[in-house]
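Inside the fold
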Amino acid sequence: MVTRRQFIKAGLIGGAALTAASLFYSRGLKEAPVAAVSPGLTLENRPVIAAIVPAILAGALPESGEARSQAIQQTVEGVGIAIAGLSAASQKELEELFTLLGIAPARMLLAGVWPRWEDASPAQIAEFLQGWRKSRLELLRSAYAALHDLVLGAWYGNPDTWAAIDYPGPPEML
Amino acid sequence: MSIRDIFLEGINAGWQSIDASKLEAHRDLEADVAIVGSGAGGGIAAEILTKAGLKVVLIEEGPLKTSSDFKMLEADAYPQLYQESAARKTKDKAINILQGRSVGGSTTVNWTSCFRTPPTTLAHWQREFGLADLTEAGLSPWFDAADRRLGIRYWDQSPNINNTMLRKAGWELGISVAPIRRNVKGCWNLGYCGTGCPTNAKQSMLVTTIPAALAAGAILVHHLRADKLVLEKGRAVALDCVAMTPAGIHPAAFRVKVRAKHFVLAGGAIGTPGLLLRSGAPDPNKLLGKRTFLHPTTVAAAVMPHAINGYAGAPQTIYSDQFLDNVPVGGPIGFKLEVPPMHPVLFGTTLQGFGETHTKLMQEFANTHALLALLRDGFHPDSPGGSVQLRDDGTPVLDYPITDFVWEGVKRSWLVMAEMQFAAGAKRVYIVHEQCNGYATMDEARAGIETLPLKNQLARVVSAHVMGGCGMAADEKRGVTDTWGRYRQLDNVTVCDGSLFPTSIGANPQLSIYGLAARNASRLAEELTKQPAPALA
C-alpha cells in the first residue's frame, strides 16, 4: 500500500512524480478488486471532475441556481460516459491520475490545491489547470489536455449547449 | 423521406452477419480467405475475393452500425465509430488520431476526399524502395476501377463557405487551389460525413463492397478482435480471435478460431503491425511496425466578419498543394492545405485554453473558419515516422516522436495558414497552440508565431491518416512486404491496407488504398483460383 510519505516524496522529486506515483499505485492496484468501469465514474474521480467542470466551463455554464448545478451534474455524468468509451489502457491511466489526485498530499503538491476538491474555489481550480496547461513537464500538460478534452467534449456533445454557440444542430431528415 | 437501410435489408434477406458479442460458446470458422479489418483495404479485398468464388470470412473488431444508426450526433458517433472514442493518441499523447472502427472502418466516417497517389510519391518509392512496378500508368487502371465502383468524381455542387475561404485566400494570394473529387452518389450536402452518412450517399465500404461480398456469400463477423495468427513453419494456419463485449472496449469470454488457406490483413496501420507483432511474425530486419506515418496536421482557426456555418455542406471540397509542390520531395517537409468540418465537439476539444477565453471563442463558432495543414512525413531521413509497439495488454500503440524537422514544417504551416486567413478576410486568427491568444494582423501573427514554443501538447497536432508500418520494398532489407502486399516471411499472409505505404502519401489516402487493394486482391484471387479475377467495376 502506498504511504503518505511516498507520495510526498514523489511530489517533491517533481519530474518523475506522476509516473512514479502511478507505478506505486498500480502495484497496489493488483491486490485491490477491480472497480466497475462503466459508466466511468468512481468514488475517486467524481469529486475531481465535479471540481474542474465549473472551471473549464466558466462563462459557458448557467450563472447560478438549479440550472447551474444541473448543468454541472449533467456534464460530470457526460465525462463518465466519455471515460467509459476510452480504450482499456486510457481508462487505466485516467484511473491512476484520478486516484492520485484524490490523495491529499498529491493534490496539494502536484495540483497546488490545498482544500479538498469539494471545498476548492473556482479560482483555485483554474490556477491548478493553468499550472498544468503551461507546465514544463510534458506529463502534466498531457494530463491537463485529457481533462480539457473530456469536459469540453461532454459539454459540447450535449444539445442543450448548442444555442449559446449558434449551432442549430443536425438538419431534420424528414 | 425515409432512407433505405440497405445493410439491414440484406441481413433480413439472409446475409451472414455474426455479432460475436452475442456468442454463447467458442466457435470455429473455416474459409478460403480470412480478412482482418473491413475498411478501405479489407472491403475491396472482400468483394474481389468473394466474387472470385472464394469462401471469405471478414472480421471486424468494431460494431456493425448502419444508416439507421447515423443520427449526425458527435456524442453517439465518436464512441461507436472511432478507435478509442476518437481520442486515440500517440504514445506521448502529442498527436490525437482520428481513425474509424466499425464495419467499413475509416471509410464509414471519413470526409470523402479522393486523390490518386501523387506521381511525386510514386517516383520517390521507385527511387528509395525499388517499387518499379508501382507507376502512374500501372496503377491508373486500378484507380479507374475504384472511381467507377465508388462513384468518385468532382463535386458538382458549390463548396460550402468554409471551403470557399480557402479558395478565396488562394485567389487573393496567387496560391493554387483546386476542387476535390469525392466518393458520393446522390449526396445531400449535409456535412455530417464524419458521424456516418445518414443517407447512404457516401460510397463507403459499408454500402458498396461489403454488401456485394455478403450478397455473394461472404461471412461478416463483427465485435471480433483478431488476437494472434497461429504460425507454423513459415505459414499461418489459423487466426485466434476474441469476441468483444457489446460496448466494444473489453474482450468478452468467447474465442473464435478461424482456419483459412490465406490471411489478408487490413486492420489499418496501427492494427495490422500490432497483430503481426502479437503473433511473433518473423522480422529479421527489424522493420515491422517501423516507419509509421501520420500526416501530422496543424490547425488554424479564423474568426470571420460573416457566418461560415462550417458544420453545413460537404466538409472537404477545395484543397491546395502549393506548399507540397514548392519544396523538393526530399527537402523541408511540405504540406497539403484543406479545411475540416466544424462540429461543436471536434472544434471545442481541439481549441486551446479553457474557461472564459475558450467560451468566448466558442461563441464565435458560427463565424469560425478553420484550415488544416497536412504534413507529408516520411520523405526525409529526419522524418522516420513512428513505430507501433504493444502495451502490456497486447493492444497496439504508436510511438511517434515529433522531430525538429517536422516542427520546422509545423511553424511554416502556421505562418501560411495565418496569411491565407487574413487574405480571406479574417478579423482574428488563432493558431491552435496553448500560448496563442489570437492575432489581429499578419504582422502580429508573424511576431507571435515566432514566440510559440514547438512543444508537445502546447502545439496541437492531430492526424486522420495512419500509414506505413508494413512497408513495401523491392527487397527484405527495406520492407517487410513486396509490392503485392505479401508478407515476406509468411507464405500465406497478405497485407492489404495503408500499412503497406513506405512513406506517407501526401494526400488523403483512401483512394491509394482502394487502388492498391484492388490490384493486389485481384492478383491474389488469380493465384488462389487459377482463374482470371473478376473486375471490381
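Residues numbered from 1 in each chain as written. Chains lettered and ligands numbered in written order. Predicted model: local features only at pLDDT ≥ 70, side-chain atom pairs only at ≥ 80, totals over all residues.

1. Concerning the overall build of chain A
Along its length, chain A carries eight helices and zero strands. Shown N-terminal to C-terminal, the secondary structure of chain A runs as helices and strands in the order α-α-α-α-α-α-α-α. A buried classification covers 43% of the 174 residues belonging to chain A. The long-range fraction of contacts in chain A, counting pairs at least 24 apart against all pairs at least 6 apart in sequence, stands at 65%. (Helix = DSSP H or I, 4+ residues; strand = E, 2+ residues; numbered from the N terminus. Buried ≥ 20, exposed ≤ 12 C-beta atoms within 10 Å, placed from the backbone. Contact = placed C-beta atoms within 7 Å.)

2. As for the overall build of chain B
Looking only at helices and strands, chain B features 14 helices and 24 strands. In summary, chain B has a C-alpha radius of gyration of 22 Å against a globular reference of 24 Å for 537 residues, a match within 12%. If one aligns the C-alpha atoms of chain B with their principal axes, the spans along those axes are about 65 × 55 × 45 Å. A buried classification covers 63% of the 537 residues belonging to chain B. (Rg over C-alpha atoms; globule rule 2.2 N^0.38 Å.)

3. Here's the deal with the packing of helix H3 (residues 45-56) of chain A against helix H7 (residues 122-133) of chain A
All names here are of chain A. Running from N to C, H3 and H7 point in directions that differ by 85°, and their axes come no closer than 9 Å. Between H3 and H7, the angle is such that the two are roughly perpendicular. Touching Ala51, Ile52, Pro54, Ala55 and Ile56 of H3 are Pro122, Ile125, Ala126 and Leu129, all from H7. Taken together, the residues of the contact of H3 with H7 break down into nine nonpolar, no polar and no charged. (Axes fitted to C-alpha atoms, helices over the stretch in contact; angles between N-to-C directions. Parallel < 35°, antiparallel > 145°, perpendicular 65-115°, else oblique. Nonpolar A, V, L, I, M, F, W, Y, C, P; charged D, E, K, R; others polar.)

4. Some thoughts on the interface of chain B and chain A
When the parts of a complex come together, some accessible area is lost, and that lost area is often used as the size of the interface. The interface of chain B with chain A comprises 37 residues on the first partner and 35 residues on the second. At the level of elements, helix H3 (74-81), helix H10 (344-350) and helix H11 (355-362) of chain B are the ones that each hand at least two residues to the side of chain B that touches chain A. Of all the elements, H11(B) adds the most residues to the side of chain B that touches chain A, at five residues. Classifying every residue of the side of chain B that touches chain A gives 18 nonpolar, ten polar and nine charged.

5. So, the domain arrangement of chain B
Residue and element names in this part refer to chain B. Here the domain parsing of chain B yields domain 1 (17-86 + 96-155 + 188-289 + 469-529) and domain 2 (161-186 + 292-463). Centre-to-centre separation of domain 1 and domain 2, based on C-alpha positions: 27 Å. Facing the 36 residues of domain 1 at the interface are 38 residues of domain 2. Breaking the side of domain 1 that touches domain 2 down by element, the ones donating at least two residues are H3, strand S5 (95-97), strand S6 (113-114), helix H4 (119-129), strand S7 (152-154) and helix H8 (268-278). Ranked by the residues each element gives to the side of domain 1 that touches domain 2, the list is headed by H8, at seven residues. Residues belonging to the side of domain 1 that touches domain 2 are distributed by class as follows: 15 nonpolar, 17 polar and four charged. (Domains from an automatic or database assignment.)

6. A closer look at the confidence of the model for chain B
Overall, the prediction assigns chain B a mean pLDDT of 97, with 100% of residues at 70 or greater. The ipTM value of the predicted complex is 0.96, and its pTM value is 0.94. (pLDDT = per-residue confidence, 0-100.)

7. A look at the packing of helix H2 (residues 40-51) of chain B against helix H14 (residues 510-529) of chain B
Residue and element names in this part refer to chain B. The geometry of H2 relative to H14 is characterised by a closest axis approach of 8 Å and an angle of 35° between their N-to-C directions. Along this stretch, H2 crosses H14, giving a crossing that reads as right-handed. Between H2 and H14, the contacting residues are Ala40, Gly41, Ile44, Ala45, Ile48 and Leu49 on the first element and Gln510, Ile513, Tyr514, Ala517, Ala518, Ala521, Ser522, Leu524 and Ala525 on the second. A per-class count over the contact of H2 with H14 returns twelve nonpolar, three polar and no charged. (Left-handed = near helix turned anticlockwise from the far one by under 90°.)

8. Notes on H2(B)
Residue and element names in this part refer to chain B. Between the first and last C-alpha of H2 there are 17 Å, a value that for twelve residues agrees with the 16 Å anticipated at 1.5 Å per step. Among the twelve residues that make up H2, twelve are buried, leaving the element largely enclosed by the rest of the structure. When H2 is considered as a whole, its buried residues turn out to be Ala40, Gly41, Gly42, Gly43, Ile44, Ala45, Ala46, Glu47, Ile48, Leu49, Thr50 and Lys51. Those residues of H2 hidden inside the fold are in contact with strand S2 (27-36), strand S3 (56-59), helix H7 (209-215), strand S13 (251-265) and H14. Looking one or two residues past H2, Gly53 carries a phi angle of roughly 95°, positive in sign. (Expected span 1.5 Å × (residues − 1).)

9. Notes on the sheet that holds S6(B)
All names here are of chain B. Spatially, the three strands line up as an open sheet ordered S6-S9-S7, and their pairing is antiparallel. Across the chains shown, the open sheet's two edge strands, defined by having one partner strand only, are S6 and S7. In the sheet, S7 pairs with strand S9 (residues 181-183) via three bridges, with the strands oriented antiparallel. Looking across to S9, one finds that Arg153 is bridged to Arg182. (Pairing = 2+ DSSP bridges.)

10. Digging into the confidence of the model for chain A
Summarising the model, chain A shows a mean pLDDT of 82, and 78% of its residues fall at 70 or more. No element of chain A has a lower mean pLDDT than helix H1 (residues 4-12) of chain A, at 38, and none a higher one than helix H8 (residues 138-156) of chain A, at 97.

11. Some points on the pairing of strand S18 (residues 368-375) of chain B
Residues and elements named next belong to chain B. Most of S18 sits out of view: eight of its eight residues are buried. What you see with S18 is no split at all: Thr368, Ala370, Leu372 and Leu374 on one side and His369, Leu371, Ala373 and Leu375 on the other are buried throughout. Bridging between strand S15 (residues 297-303) and S18 involves seven bridges; their strand directions are antiparallel. Pairing of Val303 across the sheet is with Thr368, part of S18. Pairing of strand S17 (residues 335-338) with S18, which is carried by four bridges, proceeds in the antiparallel orientation. Bridge pairing in S18 places Phe335 opposite Leu375.

12. Details of the environment of B:Thr50
Residues and elements named next belong to chain B. Along the chain, Thr50 turns up in helix H2. For Thr50, a count of 27 C-beta atoms within 10 Å corresponds to the buried category. For the pair Thr50 and Ala216, spaced 166 residues apart in sequence, the C-alpha to C-alpha distance is 6.4 Å. When neighbours within four sequence positions are excluded, Thr50 is seen to be in contact with Val56, Ala213, Ala216, Gly217 and Ala218.

13. Some words on H3(B)
Most of H3(B) is tucked away, with seven of its eight residues classed as buried. Restricting attention to buried positions, one finds in H3(B) the residues B:Glu74, B:Ala75, B:Ala77, B:Tyr78, B:Pro79, B:Gln80 and B:Leu81.

14. Quick notes on the environment of B:Ala418
Residues and elements named next belong to chain B. In this fold, Ala418 is placed in helix H12 (residues 404-423). For the pair Ala418 and Ala301, spaced 117 residues apart in sequence, the C-alpha to C-alpha distance is 8.6 Å. Not counting residues up to four positions away in its chain, the partners in contact with Ala418 are Ala300, Val429, Ile431, Tyr439, Met442, Ala445 and Ile449.

15. Overview of unusual backbone geometry
Residues and elements named next belong to chain B. You will see that Ala86, though not glycine, has its phi angle at about 65°, which is positive. Exposure remark for Ala86: the 26 C-beta atoms within 10 Å place this residue in the buried category. Although it is not a glycine, Asn200 adopts a positive phi angle of roughly 60°. In this structure, Asn200 sits in the loop between S9 and H7.

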